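Descriptive analysis of the structure
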Amino acid sequence: MIDTMLQTILLVAMILISVALTGVILLQRSEGGALGMGGGPSGFMTARGAGNLLTQATSILAILFFLCAIGLTIAGNVTRSNESVINADDVGAIAVGGDTQAPAAAAPAPTTPVQPAAPSLDDLEASLPTGASTPAQ
């Protein structure tokens, strides 16, 4: 119960941070040039550019975004068991080629015949009128 509430809180916080991060990035002044090519000496790495309020807000929101992502991962894995998906005994039996455990009791055979999921071709031919079962030549 607490895990799902924590996940919900972190997810809502992540959505709000994502929206705020998108807004702050879109508010920033374009430096020109694609993929960091251009912009001159007044780019991101100058002291003036690093001290900009929008730049600092972007870095803080990015850090919060990653912390929320890590928190969501940890919160989602708290309730998982520590056992492996693959049973170690079964893997050993496959590697050795023998069966390390006694086989489970077989289920009793069904008393009624199992109906197929879809009709067969025989069912289709039986449902056609007698005159239409053979194609005209």
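So, a few notes on the structure that sits alongside this text. (Residues numbered from 1 in each chain as written. Predicted model: local features only at pLDDT ≥ 70, side-chain atom pairs only at ≥ 80, totals over all residues. Heavy atoms only, no water.)

1. Here we look at the side chain of Thr58
For Thr58, the position within the fold is in helix α3 (residues 53–77). Leave out the neighbours within four places in its chain, and Thr58 touches Leu21, Val24, Ile25 and Gln28. (Helix = DSSP H or I, 4+ residues; strand = E, 2+ residues; numbered from the N terminus. Contact = heavy atoms within 4.5 Å.)

2. Notes on the nonpolar core
Of all hydrophobic cores here, the largest spans seven residues; its members are Leu10, Met14, Ile17, Leu21, Val24, Leu61 and Cys68. For this core, the elements supplying multiple residues, two or more each, are α1 (2–27) and α3. Looking at this core, the element that brings in the most residues is α1, giving five residues. Aside from chain neighbours lying at most four places away, what touches Met14 is Phe65, Cys68, Ala69 and Leu72. (Core = buried A, V, L, I, M, F, W, Y, C linked by side-chain atoms within 4.5 Å. Buried < 20%, exposed > 50% of the residue type's maximum accessible area, 1.4 Å probe, protein only.)

3. Examining the packing of aromatic side chains
A full pass over the atoms with the stated rule returns one aromatic pair. Ring geometry for Phe65 and Phe66: centres 5.8 Å apart, planes at 80°, overall edge-to-face. (Phe/Tyr/Trp six-rings, centres within 6.5 Å; stacked < 30°, edge-to-face > 60°.)

4. Overview of α1
Since one α-helical turn is 3.6 residues long, residues separated by three or four positions face the same way. End to end, α1 covers 37 Å across 26 residues, agreeing with the expected 38 Å (1.5 Å per residue, within 8%). Here the buried face of α1 lies against α3. (Expected span 1.5 Å × (residues − 1).)

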